[in-house]
Amino acid sequence: EKWPRGDEKVWKAAIRGVDKDVSDITTSVVHHVQTSLARQAHNLDNFGAYQAAALSVRDNLLVNWNETQLHFNRSGSKRAYYLSLEFLMGRTLDNALLNLGLKEKYNDGIDKLGFNLEDLLDQERDAALGNGGLGRLAACYLDSSASQELPLWGYGLRYQYGIFQQLIGPDGSQLEAPDPWLQHDNPWELPRLDVTYEIRFYGHSERIEDGKAIWSGGQEVLAIAYDVMIPGYDTKNTNNLRLWESKPKRGFDLNSFNAGDYERAVESSNSAAAITSVLYPNDHTTFGKELRLKQQYFWTAASLADILRRFKNLDKPITEFPDYVSIQLNDTHPTLAIPELMRILVDEEDVSWTNAWDIVTRTFFFTNHTVLPEALEKWPVPLMQHLLPRHMQIIFDINLVFLQAVEKKFPGDRERLARMSLIEEGIPQNIRMANLACIGSHKVNGVAELHSELVRATIMKDFVDFYGVSKFFNVTNGITPRRWLDQCNPGLSKLISETLKLPKAAFLKDLTKLEGLLDHLDDPQFLKKWAAVKQSNKERLAHYVETTLGFTINTQAMFDVQIKASDLLYCQIALLTASLTAFARVQGGSFWRQTLNIMGVIHRYIKLKTMTPAERKKANPKVVFFAGKAAPGYYIAKLTIRLIVNVARIINEDPDTKDLLSLFFLPDYSVSLAEILIPASDISQHISTAGTEASGTSNMKFWLERRTPYGANIEIAEEVGESNVFFFGHLTPAVEELRYQHLYHPVPLEQKCPALAEAVQAVASGLFGDGGVYEPLLNTIRQNDYYLLTEDFDSYIQALALVDEAYQDRMEWIKKSVRTTAKMGKFSSDRAIQDYAQECWVSSERIVHNQCIDLIGL
Ligand code: TH1
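Residues numbered from 1 in each chain as written. Predicted model: local features only at pLDDT ≥ 70, side-chain atom pairs only at ≥ 80, totals over all residues. Heavy atoms only, no water.

A.B. asks: Any chance you could explain the overall build of the protein chain here in plain terms?
C.D. replies: Secondary structure summary: the protein chain contains 38 helices and 24 strands in total. Here the protein chain holds 858 residues, and 61% of them are scored as buried. Contacts spanning at least 24 positions in sequence make up 79% of the contacts within the protein chain whose residues lie at least 6 apart. Roughly 32,900 Å² of accessible area belongs to the protein chain as shown, and the carbon and sulfur atoms make up 52% of that amount. (Helix = DSSP H or I, 4+ residues; strand = E, 2+ residues; numbered from the N terminus. Buried < 20%, exposed > 50% of the residue type's maximum accessible area, 1.4 Å probe, protein only. Contact = heavy atoms within 4.5 Å. Areas by Shrake-Rupley, 256 points an atom, 1.4 Å probe, with all protein chains shown as cover.)

Put into structure tokens, the structure is as follows:
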């Protein structure tokens, strides 16, 4: 049969003819106003105009998306899949316009229709399907793979509710409200009601011959696909993020319904829908909860079924699966994909156990994001047995074969066997997901040089002994320069383009080109412009603070920012958007270190209060910003937020000091808020870094013994030069020893660290409202001081003084800022995704830009 039907030229012209001119744009937007929204010009508000504009942009994406998928289907290339429980995408419209190169045209078109594009962009709700760094990393990787024309799809869950909205109550406490981000139609997703899979839970598994089993009974839930198009930058290549929604398989239980028991009739359908209803709002620790385990299996099983179906279209023998499919596991959350693929191969595809294991271990790749022992996922055996009886059998079988191999290599080493076993003994027994992810994967990586070294030296040490070191490697995290330079800091992007005499695409696609900025360090005109960009970003933030909190701020002051808690990604972003950074050497739990910062602010306030007016004249005016969400159950973290808010209330009203020091806690931290906050910062504080959410003992000791700061900090310092960042803190190798001293030979706070004692006393005495409220927080400092604030406070204050001093020499400060930005090339997520492609998905074919464009999806 002829394909397409009719005249091919007419088809091509019709497909191509979307949104090329401003007049096409206005036509397409108005078309959506009238048809998709069923509205008219006279009753169109900003939100309606946003929706129509978004739908019109989506038309462009769809055409590109179709062409891209057709191209990859036809070429039969190998594909890579990124399985992540979190994708912290933020907003889409601005990003899509920039990546498609249509921003200016839409600006004009929207303007002609009597609206303002910036206002429309502001109407969009963030897609906040993530807690923090891990989810934002996944989002950056999607942007990079699309831009690099790599055939990579993301798989995740379509949560009805993303990370909670943070409100501040009258007493200054964090309040949580649901985030109903899907309340209005989401123009960026495409329901694929035809792409559905049935996912089983519970029931029983009966072993038959050859290691096979039949799993039946229990509950079946439907997974429905929603596709989110991911446009590449400066290419038509458009990748896909497929998110699954859970639905009951049958509407409701007809028997109960007929018997008049309506509640019972909808019960099981409610429980099916509950699976994808909400994102768990805890970083690092969410174990033991049945619903979370259900989410993990639901998502991995649906994704694997989908991947397998696509593979089968290629008509290749199943043994070639790994030649066409690579699956990257973003942390241990998708580890159930390993026993699930075993189950499919052995029970359904008639593959022998040995061959199945060979296929599995050539398909999966595992990224570890933390070495904190309490953050390593474990699931109780009884829970797994109940929810996924067949998978429990498979995990036991994998374990048996594996431990036999270990025994062969290290005969009689029982302790080693116990450590490496997938099962941790105890009551109940637990399944160690990191061990399973490691042995079921072809390779394992950490997310920064030092972190990867730690992975090899600590949690994976036995596995390095067993497999050899080449299975373990590093991919330092990266961020996308499209969103974190061009989109959130357009002034800087423009200046860089003019200065380097390069089109933006040149450095946005090859960030190492920023090094060229170093040739302009002696050009005063350029430095002036650089400073002017920063100033206008500060004005933008000031405007935001004014409209949201009702405060006017001094934009001549230094802006000092501490956002979220433990995130290296954000410190890279801060550098890219041209501000300086202070890193702490001794690592502490996240919110505890915000305590360090707030105590530093109180200290500064007390000092300012005691100064004479003449002395005050010499002080460096400063505005301190905090933003971040505390896990809802993390009491001390929430108390810290309350303290910050109440200190701000006093300080910001004090006529003696308010021009010299003010403090803001910006509620409801999000990607969109980060986009305003980060480009406006003069300095950002990373005084607690990766993976230190709760505590940490052996690993911390290890870091300190190595006399190095943690994670990518060191790599950043290596790149930008130590003189362009401020390190501080204890370099003692003996954190355990310090803790021991604190515990058994306590020295009163007043003696140990008078400056900190004074700040603590100010809080206790009620200077910032009822001091008694904060006793539990203050006691963590006075009593065991697990995070060693008393050890670090003085050097922290000294570091801040150095920052103040350095800021006085404004020209030199600007130069530092240029130098750091210039050296950020390594931290592009384009580089990171290339590392993954080369190390893991080796034969992932790259598609050639033009090839893709020329293929019209007919
Ligand atoms: C974070 C790490 O803490 C952070 O340092 C890193 O930059 C980021 O991942 C990206 O690699 C992690 N987030 C989570 C979230 C959960 C479990 C473990 C980690 S590690 C739920």
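Additional details are given in the paragraphs that follow.
A.B. asks: Could you clarify how one ought to interpret the packing of helix α3 (residues 46–75) against helix α4 (residues 93–100) in this entry?
C.D. replies: For any two helices packed against each other, the geometry is given by the interaxial angle and the distance between the axes. Relative to each other, α3 and α4 sit at 45°, their axes nearing to 10 Å. Overall, the two elements α3 and α4 adopt an arrangement that is oblique. In this structure, the crossing between α3 and α4 has a hand that is left-handed. In this structure, α3 contributes Tyr-50, Ala-54, Val-57, Asn-60, Leu-61 and Asn-64 to the contact, and α4 contributes Leu-93, Ala-96, Leu-97 and Leu-100. Its residues placed into classes, the contact of α3 with α4 shows eight nonpolar, two polar and no charged. (Axes fitted to C-alpha atoms, helices over the stretch in contact; angles between N-to-C directions. Parallel < 35°, antiparallel > 145°, perpendicular 65-115°, else oblique. Left-handed = near helix turned anticlockwise from the far one by under 90°. Nonpolar A, V, L, I, M, F, W, Y, C, P; charged D, E, K, R; others polar.)

A.B. asks: In this structure, what is going on with the pattern of salt bridges? I would like to understand it.
C.D. replies: Side-chain pairs of opposite charge can arise where the charged atoms are in close proximity. Enumeration over the complete set of coordinates arrives at 50 salt bridges. Close ionic contact of Asp-462 with Arg-416 constitutes a salt bridge, the shortest N to O distance being 3.7 Å. A residue pair is termed long-range when its members are at least 10 positions apart, and Asp-462 in helix α19 (residues 461–467) and Arg-416 in helix α16 (residues 414–420) qualify at 46 residues. Here Asp-462 falls in the buried class, since its relative accessible area comes to 12%. Take Arg-416: its relative accessible area is 11%, and that puts it in the buried class. Through salt bridges with shared partners, one network takes in Asp-413, Arg-416, Arg-419, Lys-461, Asp-462 and Asp-465. (Salt bridge = Lys/Arg side-chain N within 4 Å of Asp/Glu carboxyl O.)

A.B. asks: Looking at this model, I keep getting lost on empty space enclosed by the protein. Mind explaining?
C.D. replies: Taking a probe equal in size to a water molecule and rolling it over the atoms shows the remaining empty space. A complete count under the given rule lists five cavities of 30 Å³ or more for this structure. In this structure, the second largest cavity encloses a volume near 170 Å³. Surrounding the second largest cavity, 16 residues form its lining, Met-89, Asn-95, Asp-143, Ile-230 and Arg-483 being those nearest its centre. Breaking the lining of the second largest cavity down by element, the ones donating at least two residues are α4, α7 (133–147), β10 (219–231) and α20 (481–487). Among the residues forming the lining of the second largest cavity, the class breakdown is eight nonpolar, three polar and five charged. (1 Å grid on protein atoms, 1.4 Å probe; cavity = no way out; pocket = protein on both sides within 12 Å on 5 of 7 lines; lining within 4 Å. Points joined across faces, edges and corners; volume = space filled by probe spheres on them.)

A.B. asks: For this particular structure, what's the right way to read the nonpolar core?
C.D. replies: Across soluble globular proteins, nonpolar side chains show a tendency to be buried alongside one another. With 143 residues, the main nonpolar core has Phe-201, Trp-244, Met-384 and Phe-625 as its most contacted residues. The element best represented in this core is helix α10 (residues 290–312), accounting for ten residues. Taken domain by domain, this core gets at least three of its residues from each of domain 2 (76–91 + 126–476 + 837–854) and domain 3 (523–827). In contact with Met-384, not counting residues within four places along its chain, are Leu-293, Leu-336, Trp-379, Pro-389, Met-392, Ile-395, Ile-431 and Met-433. If you look at the next biggest cluster of nonpolar residues, it comprises 50 residues, including Leu-639, Ala-762, Phe-768 and Tyr-796. (Core = buried A, V, L, I, M, F, W, Y, C linked by side-chain atoms within 4.5 Å. Domains from an automatic or database assignment.)

A.B. asks: I keep staring at the packing of aromatic side chains and nothing clicks. Help me out?
C.D. replies: Each aromatic ring pair is characterised by the separation of its centres together with the angle its planes make. If you walk through the whole model with that rule in mind, you get 23 aromatic pairs. The interplanar angle of 0° and the centroid separation of 6.1 Å between the aromatic rings of Tyr-155 and Trp-244 together place this pair among those described as stacked. Here Trp-244 lies in strand β11 (residues 238–248) and Tyr-155 lies in strand β4 (residues 152–157), a separation of 89 residues in the sequence. Accessibility assignment for this pair places Tyr-155 and Trp-244 in one class, buried. Geometrically, the ring pair formed by Tyr-605 and Phe-768 is tilted, given 6.4 Å between the ring centres and 50° between the ring planes. Placement of the pair is Tyr-605 in helix α25 (residues 590–610) and Phe-768 in the loop between α33 (754–764) and α34 (775–782), with a sequence separation of 163 residues. As far as the burial class goes, Tyr-605 and Phe-768 line up, both buried. In this structure an aromatic cluster arises from ring pairing among Tyr-81, Trp-153, Tyr-155, Tyr-197 and Trp-244. (Phe/Tyr/Trp six-rings, centres within 6.5 Å; stacked < 30°, edge-to-face > 60°.)

A.B. asks: For this particular structure, what's the right way to read a nonpolar patch on the surface?
C.D. replies: Residues Tyr-740, Leu-743 and Tyr-744 make up a contiguous nonpolar surface patch of roughly 350 Å² in combined accessible area. Within the fold, Leu-743 resides in helix α31 (residues 735–744). (Patch = residues over 30% accessible without salt bridge, like charges linked within 9 Å, V, L, I, M, F, W, Y side chains within 5 Å.)

A.B. asks: Can you help me understand the confidence of the model for the protein chain in this one?
C.D. replies: Residues shown with low pLDDT carry predicted positions that ought not to be read at fine detail. Taken residue by residue, the protein chain gives an average pLDDT of 87. The fraction at 70 or more is 88%. This stretch, residues 585–589, has a pLDDT under 50; its non-local contacts, to residues over four places away or in other chains, come to 30 contacts. Overall, residues 689–710 carries pLDDT values under 50, and its contacts beyond four positions in sequence, including any with other chains, amount to 78 contacts. (pLDDT = per-residue confidence, 0-100.)

A.B. asks: I'm lost on the pairing of β4 in this one. Help?
C.D. replies: Two faces, one strand: in a regular strand the side chains alternate between the faces of the sheet. For β4, the buried fraction is high: six of the six residues fall into the buried class. Residues Leu-152, Gly-154 and Gly-156 line one face of β4 and the alternating positions Trp-153, Tyr-155 and Leu-157 line the opposite face, and both faces are buried. Across four bridges, the pairing between strand β1 (residues 79–83) and β4 is parallel. Residue pairing across strands places Leu-83 opposite Tyr-155, the latter belonging to β4. (Pairing = 2+ DSSP bridges.)

A.B. asks: Hey, could you run me through the side chain of Arg-416 in this one?
C.D. replies: Looking at Arg-416, its side chain comes within polar contact range of the side chain of Asp-413, at 2.9 Å. Every residue in contact with Arg-416, bar those within four places of it in the chain, is listed here: Val-406, Phe-410, Asp-462 and Asp-465. (Polar contact = N/O pair within 3.5 Å; in protein donor to acceptor, adjacent residues only side chain to side chain.)

A.B. asks: Is there a simple way to explain the sheet that holds β11 in this structure?
C.D. replies: Backbone-to-backbone hydrogen bonds join strands into a sheet, with any given pair of strands oriented parallel or antiparallel. Spatially, the nine strands line up as an open sheet ordered β7-β10-β11-β4-β1-β12-β13-β17-β18, and their pairing is mixed. What marks the edges here is a single partner per strand, and that holds for β7 (189–201) and β18 (472–474). The mean angle between the axes of side-by-side strands here comes to 25°, regardless of whether they run parallel or antiparallel. Here eleven bridges tie β10 to β11, and the two strands are oriented antiparallel to one another.

A.B. asks: Where do I start with the side chain of Asp-179 in this structure?
C.D. replies: Within the secondary structure layout, Asp-179 lies in the loop between β6 (174–177) and β7. With relative accessibility at 6%, the residue Asp-179 sits in the buried group. At a separation of 3.4 Å, a polar atom in the side chain of Asp-179 contacts the main-chain amide nitrogen of Gly-162. Excluding residues within four positions of it along the chain, Asp-179 makes contact with Arg-125, Ala-128, Gln-160, Tyr-161, Gly-162, Ile-163 and Gln-165.

A.B. asks: Please clarify how the sheet that holds strand β14 (residues 378–380) should be interpreted in this entry.
C.D. replies: The strand order across the open sheet formed by three strands is β14-β16-β15, and the pairing between neighbours is antiparallel. What marks the edges here is a single partner per strand, and that holds for β14 and β15 (423–424). Of the strand pairs in this sheet, β15 and strand β16 (residues 430–432) are connected by two bridges, and their pairing is antiparallel. The residue of β16 that forms the bridge with Glu-424 is Asn-430.

A.B. asks: Just checking my understanding: could you explain the environment of Phe-47 for this structure?
C.D. replies: Residue placement: Phe-47 occurs in helix α3. Here Phe-47 falls in the partly exposed class, since its relative accessible area comes to 21%. As a C-alpha pair, Phe-47 and Asp-119 span 72 residues in sequence and 9.1 Å in three-dimensional space. Ignoring anything within four residues of it in the chain, the contact list for Phe-47 reads Gln-123 and His-184.

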